[in-house]
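Structure at a glance
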2 protein chains.
Amino acid sequence: MEAARRQSRALRTREQILAAAVEVMVGHGYAGLTMQRVQTAAGVTRGALTHHFSSMRELAVAAVDYVAAAQAGEIEAAVADAGPAELIEVLHEVTRRPTYVAGLELWVAARTDPELRAALRPGARQLGRQLREPLLLLVGDLDDERLEVFADGLLSLLRGLAVGGVLRDRPALEKAVLAAWLGAFGAQATTGAG
Amino acid sequence: MEAARRQSRALRTREQILAAAVEVMVGHGYAGLTMQRVQTAAGVTRGALTHHFSSMRELAVAAVDYVAAAQAGEIEAAVADAGPAELIEVLHEVTRRPTYVAGLELWVAARTDPELRAALRPGARQLGRQLREPLLLLVGDLDDERLEVFADGLLSLLRGLAVGGVLRDRPALEKAVLAAWLGAFGAQATTGAG
DNA sequence: ATGAAAACAGACTGTATGGTCTGTTTTGTG
DNA sequence: CACAAAACAGACCATACAGTCTGTTTTCAT
């Protein structure tokens with residue numbers, strides 16, 4: 001609808017800006033995400049930046065969507081390649097990355113920012129839908145209700161571990177925690193003890 | 001060491017400032033925590049504010065310690081009153097509160113702020129220690145390693161649910177998730193289905 | 001009571017920020 | 001090749017911010 005008359009050069013700079021925004025967010029946090037830093041990192045002028053993103057929040061949201069799309073792609077690819085058995089490991093690896101934790105900064109900030117909240121919701125829902133099927137394969141036969149508990153708990157666990165990882169780094173413990181969750185639902189993890 | 005020669009009036013205003021800081025953080029988020037707002041909410045001048053907290057981060061950290069202490073007190077009281085059986089419910093209730101989620105904003109922001117990280121670590125460790133004993137009572141006999149997995153997983157789960165609660169509100173699902181975690185370790189929850 | 005130190009008051013400053021605005025260049029189209 | 005619209009350039013601005021500084025008042029030990 002809006003990308004209809006978008007030119008190739010524009011797409012390239014847009015990409016540069018988004019990549020730079022992610023880079024800044026990862027390096028300086030959400031609080032340190034400023035237009036100045038983004039335009040410098042992207043090698044782009046203020047005019048170009050504001051032309052593509054008319055407000056800071058718009059840029060922030062676009063940046064999160066950007067990484068979310070990349071992560072969704074990674075996950076999908078991993079499932080296609082290795083099957084659902086390795087899904088958990090991939091999810092754990094992805095959610096441990098600074099980009100994901102940076103995204104969580106936006107997530108919690110959305111508590112007091114309705115527009116941000118509205119912008120973030122679709123991505124979160126989509127991830128849930130994307131995981132439903134491979135998780136079902138992983139865990140065998142489960143009624144819908146139990147599956148929802150399993151999936152939601154898994155994602156919550158991953159989020160909580162990602163937050164926890166900021167203050168301490170204990171990957172082996174995290175793997176044990178995940179294995180326990182899977183075990184509770186009769187699924188085997190491929191997570192070897194670290 | 002520093003509270004030695006502190007006068008009673010000073011303690012009162014310090015309390016006002018901290019309460020106001022929490023109020024502002026809850027209402028406007030970490031990004032919206034400004035000295036202007038705090039001094040207005042506290043009914044205190046800039047001079048008083050800076051006299052007690054010489055930097056913004058110092059105030060933020062003190063505010064988080066302030067709520068952490070209050071929460072620790074609540075948890076301890078709940079355990080003393082109702083026993084470890086209701087511990088989970090209390091923890092869930094506490095971590096669902098806006099004050100806790102606001103604290104998580106600081107937590108994730110600490111990723112790119114070493115001083116903040118250093119300031120937050122003690123509180124997190126202390127909570128873990130505080131919960132070890134009642135959780136052990138709750139779950140029966142468990143070797144140290146399994147207990148650590150149980151406790152860390154529980155806290156991670158609660159954190160993740162708290163973050164998730166920003167975008168959606170499904171308390172019943174959350175309770176089911178927690179019940180599943182407890183069940184995996186042979187503990188019974190008192191959580192009735194909502 | 002008194003004097004020194006702590007507590008508070010409030011004006012002030014330098015700076016960084018998001019956003020705007022006017023122009024210039026590049027692109028696609030007829 | 002013309003020409004309109006999109007893309008970009010970069011100076012500019014109002015504002016809000018954290019932190020400082022100089023005074024005044026309150027507290028408390030003596």
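Residues numbered from 1 in each chain as written. Chains lettered and ligands numbered in written order. Predicted model: local features only at pLDDT ≥ 70, side-chain atom pairs only at ≥ 80, totals over all residues. Heavy atoms only, no water.

As annotated in an unreviewed UniProt entry, chain A carries the name Transcriptional regulator, TetR family and is attributed to Nocardioides simplex.

Here we come to the overall build of chain A. Scanning chain A from terminus to terminus reveals 9 helices and 0 strands. Burial status across chain A gives 45% buried among its 194 residues. The long-range fraction of contacts in chain A, counting pairs at least 24 apart against all pairs at least 6 apart in sequence, stands at 61%. Within the structure as shown, chain A displays about 9,500 Å² of accessible surface, and the carbon and sulfur contribution to it stands at 53%. (Helix = DSSP H or I, 4+ residues; strand = E, 2+ residues; numbered from the N terminus. Buried < 20%, exposed > 50% of the residue type's maximum accessible area, 1.4 Å probe, protein only. Contact = heavy atoms within 4.5 Å. Areas by Shrake-Rupley, 256 points an atom, 1.4 Å probe, with all protein chains shown as cover.)

We now examine the packing of aromatic side chains. Enumeration over the complete set of coordinates arrives at 5 aromatic pairs over all chains. Ring geometry for Phe150 of chain B versus Phe185 of chain B: centroids 4.9 Å apart, planes at 50 degrees, classification tilted. Taken as a pair, Phe150 of chain B in helix α8 (residues 144-167) and Phe185 of chain B in the segment after α9 (171-184) lie far apart in primary sequence, 35 residues in all. Owing to a relative accessible area of 5%, Phe185 of chain B belongs among the buried residues under this scheme. Taken together, the aromatic side chains of Phe150, Trp181 and Phe185 of chain A together with Phe150, Trp181 and Phe185 of chain B make up a single cluster linked through ring pairs. (Phe/Tyr/Trp six-rings, centres within 6.5 Å; stacked < 30°, edge-to-face > 60°.)

In the region of DNA strand C, 20 residues are neighbours, and Gln7, Arg46 and Met56 of chain A together with Thr13 and His52 of chain B sit closest. Near-protein atoms of DNA strand C (within 4 Å) split between backbone and bases, with sugar and phosphate holding 74%. Contacts to DNA strand C include Met56 of chain A, whose backbone N or O atom sits 2.7 Å from a phosphate oxygen. Taken together, the elements giving at least two residues each to the surface near DNA strand C come down to α3 (46-52) of chain A together with α1 (8-28) and α3 (46-52) of chain B. (Near = heavy atom within 4 Å. Polar contact = N/O pair within 3.5 Å; in protein donor to acceptor, adjacent residues only side chain to side chain.)

With that out of the way, let us pick up α8 of chain B. Between its first and last C-alpha, α8 of chain B extends 35 Å over 24 residues, near the 34 Å set by a 1.5 Å rise per residue. α8 of chain B sits mainly inside the fold: 19 of its 24 residues count as buried. (Expected span 1.5 Å × (residues − 1).)

Our focus in this paragraph is the relation of the copies chain A and chain B. Screw-axis analysis of chain A against chain B gives a translation of 0.0 Å along the axis, an RMSD of 0.0 Å, and a rotation angle of 180 degrees. Expressed as an axis order, the relation between the two copies is that of a two-fold axis. No C-alpha of chain A lies nearer the rotation axis than that of Gly160 of chain A, which sits 1.9 Å from it. (Least-squares fit on C-alpha atoms with pLDDT ≥ 70 in both.)

Throughout the structure, instances matching the rule amount to 20 salt bridges over all chains. One salt bridge in this structure joins Arg57 of chain A and Glu115 of chain A, with 2.8 Å as the shortest N-O distance. Taken together, the positions of Arg57 of chain A in helix α4 (residues 56-82) and Glu115 of chain A in helix α7 (residues 114-139) put the pair 58 residues apart, joining distant regions of the chain. Exposure remark for Arg57 of chain A: the relative accessible area of 28% places this residue in the partly exposed category. Overall, the relative accessible area of 56% leaves Glu115 of chain A in the exposed class. In this structure, Asp152 of chain A engages Arg168 of chain B in a salt bridge whose closest nitrogen and oxygen atoms are separated by 2.6 Å. In this pair, Asp152 of chain A is assigned in helix α8 (residues 144-167) and Arg168 of chain B in the loop between α8 and α9, connecting two distinct chains. Classification of Asp152 of chain A as buried rests on a relative accessible area of 15%. When salt bridges that share partners are traced, they join Arg96, Arg168, Asp169 and Glu174 of chain A together with Asp152 of chain B into one network. (Salt bridge = Lys/Arg side-chain N within 4 Å of Asp/Glu carboxyl O.)

With that settled, consider the nonpolar core. If you look at the biggest cluster of nonpolar residues, it comprises 72 residues, and the most contacted ones within it are Val38 of chain A together with Val38 of chain B. For Val38 of chain B, the contacting residues outside a window of four places in its chain are Ile17, Ala20, Ala21, Val24, Leu33, Leu49 and Leu59 of chain B. Listed in part, the 56 residues of the second largest apolar core include Ala187 of chain A together with Val94, Leu147 and Leu157 of chain B. (Core = buried A, V, L, I, M, F, W, Y, C linked by side-chain atoms within 4.5 Å.)

The next subject is the interface of chain A and chain B. Where the parts come together, the accessible area they lose is often given as the size of the interface. Each partner contributes to the interface: chain A provides 42 residues, whereas chain B provides 42 residues. Approximately 3,500 Å² of surface area, both sides summed, lies buried where chain A meets chain B, with 67% of it carried by carbon and sulfur atoms. Among the residues of chain A in contact with chain B, Val108, Arg111 and Leu167 of chain A are the three that bury the most area, contributing 22% of the side total. On the surface where chain A and chain B come into contact, there are 16 residue pairs in polar contact (both at pLDDT 80 or more). For the side of chain A that touches chain B, the secondary structure elements donating two or more residues are α1 (8-28), α6 (98-109), α7, α8 and α9 (171-184) of chain A. Looking at which element gives the most residues to the side of chain A that touches chain B, the answer is α8 of chain A, with 13 residues. Here the residues of the side of chain A that touches chain B are counted per class, giving 25 nonpolar, 8 polar and 9 charged. (Buried area = accessible area lost by both parts, 1.4 Å probe. Nonpolar A, V, L, I, M, F, W, Y, C, P; charged D, E, K, R; others polar.)

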